[in-house]
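Each chain, written out:
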Amino acid sequence: MKVLIADAINEKGIENLKEYADVVVNTDISPEELLETIHEYEGIIVRSRTKVTREVIEKADNLKIIARAGVGVDNIDLDAATEKGIMVVNSPESTSITVAEHTMGLLLTLARKLSIADKSVKEGKWEKKKFMGVELRKKTLGVIGMGRIGSQVINRCKAFEMDTIAYDPYLPEGVAAQMGVELTDLESVLKRSDFITIHVPLTPETKHLISTDEFEMMKDTAFIANCARGGIIDEEALYNALVNNKIGGAALDVYEEEPPAENSKLFELDNIVLTPHIAASTKEAQRDAAIIVADEIIELING
Ligand code: NAD
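Since the model is a prediction, treat every value here as computed from it, not as a measurement.

Going through the model one piece at a time under the given rule, you end up with 1 aromatic pair. With a centroid separation of 5.3 Å and an interplanar angle of 35°, the aromatic rings of phenylalanine 195 and phenylalanine 223 are classed as tilted. Of this pair, phenylalanine 195 sits in strand 9 (residues 195–198) while phenylalanine 223 is found in strand 10 (residues 223–226), placing the two residues 28 residues apart along the sequence. For phenylalanine 195, a relative accessible area of 1% corresponds to the buried category. Sitting above the plane of the tyrosine 41 ring, lysine 2 keeps its charged end 5.1 Å from the centroid.

In structure tokens:
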């Protein structure tokens with residue numbers, strides 16, 4: 001099988017695959033070159049740079065498998081792949097711990113004002129009173145979406161002695177109880193939580209799930225973090241909530257537009273912490289993602 005690696009993935013995955021397939025690594029491939037050469041390949045591995053569009057798939061006469069080393073498959077035209085009988089695989093489990101750890105970092109950064117304290121010290125100031133924080137202990141954590149990542153966040157927050165409630169109408173029965181988590185409705189999560197963290201997919205149902213009305217329901221001291229997908233939080237409503245102190249603060253790893261506009265109003269605020277979609281970016285997660293997708297292709301080769 002001839003496999004194209006179109007985006008940079010961890011070396012270990014490439015090594016494993018080379019034992020079974022003819023591997024071509026071309027991580028600078030342009031959309032035009034991809035269109036011209038895709039018919040040569042039976043497998044392709046991408047991360048997020050390369051877009052496997054309908055146009056690409058239509059030209060992919062020999063393609064059997066499209067592998068995304070990572071979670072979402074937003075850069076792959078799933079309908080076109082299905083129509084052509086091409087298998088699409090990804091590695092959602094590879095990043096769960098990494099994203100959960102990033103979420104913990106954001107929650108602690110919000111609670112202890114770490115990012116603005118860091119900035120202040122580097123500016124030569126010593127503003128101890130300004131950075132009075134709060135503990136996580138005995139606070140209520142509200143988890144929206146209790147899947148792979150949400151559950152890992154809950155496990156970690158247990159060590160911080162937080163009480164957890166969650167909103168996830170699709171969770172199989174018994175899962176929350178088994179983890180000692182009270183499952184409730186969205187309104188209760190918003191009203192009761194001191195820290196809210198979002199771990200749902202972006203769907204028509206979750207688009208702007210958190211908007212003006214939802215911020216109104218939250219405590220004025222509440223912190224909210226989004227390491228899931230941009231668009232789940234309505235950023236205009238978030239800006240208004242932050243500027244009017246309707247909530248205590250927010251942390252975003254994902255945005256409605258990525259990267260956000262250079263003049264984004266969010267950048268003006270002190271009560272927001274921003275990271276550039278790096279929640280899944282650890283060496284361990286990238287290695288595991290590459291190994292998992294290489295294994296999927298090897299399995300296909302071995303029948
Ligand atoms: P998952 O599928 O394991 O869990 C998602 C959970 O959300 C499920 O339990 C599901 O029942 C629940 N859910 C779905 N629709 C819902 C709704 N309308 N209301 C409430 N709950 C709902 O997914 P996961 O692996 O835990 O990933 C969660 C999110 O994190 C996804 O959006 C994923 O794209 C994102 N993610 C982001 C990064 C990053 O780099 N920032 C990395 C990995 C994953």
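Another aspect to go through is the nonpolar core. Core analysis: the largest hydrophobic core is formed by 29 residues, its most contacted members being Ile144, Ile198, Ile210, Phe215, Ile224 and Leu238. Looking at this core, the elements with two or more residues in it are helix 9 (186–192), strand 9, helix 11 (235–243) and strand 11 (249–252). Among the elements that make up this core, the one with the highest residue count is helix 11 (5 residues). Excluding residues that lie within four positions of it along the chain, leucine 238 makes contacts with Phe215, Ile233, Ile247, Ala250, Leu252, Leu266 and Ile272. Judged by nonpolar contacts, the second largest core, of 27 residues, contains Leu171, Phe195, Ala251 and Val273.

Here the focus is the pattern of salt bridges. Within this structure, the stated rule accounts for 20 salt bridges. Between lysine 2 and glutamate 40 there is a salt bridge, and its shortest N-O distance comes to 3.2 Å. Residue lysine 2 is found in strand 1 (residues 2–5), and its partner glutamate 40 is found in the loop between helix 2 (31–37) and strand 3 (43–46); the two are separated by 38 residues along the sequence. In this structure, glutamate 182 and arginine 192 form a salt bridge, with 3.0 Å as the shortest nitrogen-oxygen distance. Remark: arginine 192 occurs in helix 9 and glutamate 182 occurs in strand 8 (residues 182–183); sequence separation between them is 10 residues. Judged by relative accessible area, arginine 192 falls into the partly exposed class, the value being 36%. Within this structure, Arg54, Glu58, Asp77 and Glu83 form a network of salt bridges that share partners.

How each quantity is defined
Residues numbered from 1 in each chain as written. Predicted model: local features only at pLDDT ≥ 70, side-chain atom pairs only at ≥ 80, totals over all residues. Heavy atoms only, no water. Phe/Tyr/Trp six-rings, centres within 6.5 Å; stacked < 30°, edge-to-face > 60°. Helix = DSSP H or I, 4+ residues; strand = E, 2+ residues; numbered from the N terminus. Buried < 20%, exposed > 50% of the residue type's maximum accessible area, 1.4 Å probe, protein only. Lys NZ or Arg CZ within 6 Å of the ring centre and 35° of its normal. Core = buried A, V, L, I, M, F, W, Y, C linked by side-chain atoms within 4.5 Å. Contact = heavy atoms within 4.5 Å. Salt bridge = Lys/Arg side-chain N within 4 Å of Asp/Glu carboxyl O.

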